[in-house]
Amino acid sequence: MAKGRELKGRIKSVENTRKITRTMEMVATSKMKRAQDRVVAARPYARALADVIASLYNPALAERFPLLRQPAQESRAAVILLTSNRGLAGAFNANLIKEARALIEKLEKAGTNVELHVVGKKGVGYFRYVGRDVAVARTDITDKPTAADAASLVESLMARFVSAELDAVYVVGSRFNSVLSTPPTADRVLPVEPPAAKGAQKDYLLYPSAEAILTELLPSYVRNAVYRALVETVAAEQAARRTAMKNATDNAGDMLNLLRRTYNRARQAQITQEIAEIVGGASALQG
Amino acid sequence: MAAGTGALKVSVISPEATLFEGQAPSVTAPAFDGEVGILPSHAPMVTTLGKGVLRIGDGATFTVEGGFLQVVDDVVRVVTEHAAKA
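Rules and cut-offs
Residues numbered from 1 in each chain as written. Chains lettered and ligands numbered in written order. Predicted model: local features only at pLDDT ≥ 70, side-chain atom pairs only at ≥ 80, totals over all residues. Heavy atoms only, no water. Helix = DSSP H or I, 4+ residues; strand = E, 2+ residues; numbered from the N terminus. Rg over C-alpha atoms; globule rule 2.2 N^0.38 Å. Buried < 20%, exposed > 50% of the residue type's maximum accessible area, 1.4 Å probe, protein only. Contact = heavy atoms within 4.5 Å. Areas by Shrake-Rupley, 256 points an atom, 1.4 Å probe, with all protein chains shown as cover. Lys, Arg positive; Asp, Glu negative; His and termini not counted. Charge placed at Lys NZ, Arg CZ, Asp CG, Glu CD. Domains from an automatic or database assignment. Buried area = accessible area lost by both parts, 1.4 Å probe. Salt bridge = Lys/Arg side-chain N within 4 Å of Asp/Glu carboxyl O. Polar contact = N/O pair within 3.5 Å; in protein donor to acceptor, adjacent residues only side chain to side chain. Nonpolar A, V, L, I, M, F, W, Y, C, P; charged D, E, K, R; others polar. Pairing = 2+ DSSP bridges.

Undergrad: Looking at this structure, I do not really get the overall build of chain B. What am I missing?
TA: Within chain B, the regular secondary structure consists of zero helices and ten strands. Of the regular secondary structure in chain B, the N- to C-terminal order runs β-β-β-β-β-β-β-β-β-β. Radius of gyration (C-alpha) of chain B: 12 Å, near the 12 Å computed for a compact globule of 86 residues. Taken along its principal axes, the extent of the C-alpha atoms in chain B is 30 × 25 × 20 Å. In chain B, which comprises 86 residues, the proportion classed as buried is 48%. In chain B, once contacts between residues fewer than 6 apart in sequence are set aside, the share between residues at least 24 apart is 42%. Accessible surface for chain B amounts to roughly 3,600 Å². Of this, 53% is attributable to carbon and sulfur atoms. Across chain B, the centroid of the 5 positively charged side chains sits 4 Å from that of the 9 negatively charged ones.

Undergrad: I'm lost on the overall build of chain A in this one. Help?
TA: What chain A contains, in helices and strands, is seven helices and six strands. Each helix (α) and strand (β) of chain A, taken in turn from the N terminus, gives the series α-α-α-β-α-β-α-β-α-β-β-β-α. Taken over the C-alpha atoms alone, chain A extends approximately 115 × 40 × 30 Å along its principal axes. In chain A, which comprises 287 residues, the share counted as buried stands at 41%. The long-range share in chain A, meaning contacts at least 24 apart out of those at least 6 apart in sequence, stands at 78%. Total accessible area computed for chain A in this model is approximately 15,300 Å², and 54% of it derives from carbon and sulfur atoms.

Undergrad: Where do I start with the domain arrangement of chain A in this structure?
TA: All names here are of chain A. In terms of domain boundaries, chain A breaks down into domain 1 (2-23 + 245-286) and domain 2 (27-243). Here the C-alpha centre of domain 2 lies 53 Å away from the C-alpha centre of domain 1. Listed by partner, the interface residues are four residues for domain 1 and five residues for domain 2. Counting the surface domain 1 buries against domain 2, the share from its top three residues, T23, M245 and K246, is 87%. Viewed at the interface, domain 2 and domain 1 are joined by zero salt bridges.

Undergrad: So what exactly am I meant to see when it comes to the interface of chain B and chain A here?
TA: Many authors give the size of an interface as the accessible area that is lost as the parts come together. Taken together, the 25 residues of chain B in the interface contact 25 residues of chain A. For the pair chain B and chain A, the two sides together bury roughly 2,100 Å², of which 64% comes from carbon and sulfur. At the boundary of chain B and chain A, one finds two salt bridges. A salt bridge links E81(B) to R223(A), with the nearest nitrogen and oxygen atoms 2.8 Å apart. Taken together, the links from chain B to chain A amount to eleven residue pairs in polar contact (both at pLDDT 80 or more). Taken together, the elements giving at least two residues each to the side of chain B that touches chain A come down to β5 (45-48), β8 (68-72) and β9 (75-79) of chain B. Among the residues forming the side of chain B that touches chain A, the class breakdown is 13 nonpolar, eight polar and four charged. Relative to β5(B), strand β6 (residues 205-207) of chain A runs parallel, the two sharing three bridges. Across the sheet, Y207(A) pairs through a bridge with T47(B), a residue of β5(B).

Next comes the structure, spelled out in C-alpha cells:
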C-alpha cells in the first residue's frame, strides 16, 4: 500500500502546517486588537491638535511659517515608505511597495528628485533587490511604535524642509479603516495642510501669541501625522496577517478533506481487492 | 455645559494615550512663563506649556514638558508629547 503511506505522510504534513497557520492567526488577532487600541488611543491627541491649529490658523500667518511654505514646484521630495519587518502577511507589503513605486514614478515624471526613506525589513529588502538607492533604511521600529520613533523619522526632514532643501515629504503607509479595509495610502505631511476649522470659533486668550503657539504646535502636528501612520500601518499589518493566516488555515482544511477522502478510498479499494483475492483463492481450493 | 457649575472637565492627552480624564475643582499647570491656575468659569484660553508639574485638583500630578493647554467652557485639555505620572 505504497500510495496510502504517501498520502498519510502528506496528511500529517498539512495538519502540521495548519497548526502553525492557526496559531499565527490567533497571535495576529491578539496583536491586532492591541494595535487597534493604540490607533484609537492616538485619536484624541490628533483631534486636540487639529482643533487648536485650525482655530489659530489664518492665511496671513502662512507666509511667516516655514512649515506652511507651499513651494510652487517640487524639485526635491522625500518619500517615507512604511513596511513591516516580517512577512507572511499576504499582499500587505507588496501593496505598500506598489503604492510607493506609483508615487515615486508620478513624482519623477513631474521632474522631482525623489529620495526614499524605508522603514521595515520587507521594504528595505525589496529596494536592495531592485537596486534602488535608499537614503535611510530603518528596521529598528517594532510593532509598538512610539511617538519618539515618529520624531526620529521626520525630525531631520522637517529641518531640511525649513531650510528649503526639500519641497515635500510624503508618507506611504496603510490606513486602518477597519479590520477588513486597510488600503495603502500616500499622504503628504509636508508642507503642512492646515486642518479646516469647523463650528463656531471661540475667542481665545492666547499666551504668548498665536504665532508662538503655532511655532510649537506645527512640528507636533507633523510628528503626530507620522506617528499616526506608523500606528495604523502596524494595525493594518496584523489585520493583513490575520486574514492571510485565516485563508491558509481554511485552505489547509480543504486540502485535508480531499487527502483524507483519497486516502480512505485507496484504503477501501485495497481491502476490497484483498477480500476478492481471498475469496478467489478459497473458491479455487474448493474447486 | 453651563459655565460656573463648580467643576472642570480635565483631560491630559499624549500622542500614545489619554493619561487622565475626569472632574476636578482646579488645575495648576506650568505655562511657558510660570505657573497658571485654572478655576471654573475661566475665559477660553490657549497657552503653551513649559517644563514642570501639572496638578489636577488635590489628586493626580504629572510632569510635563512642552505642548499646550486649552480651556473652553470649563473643559481643560492638556495636550503634550512629554507627560508622565509623578
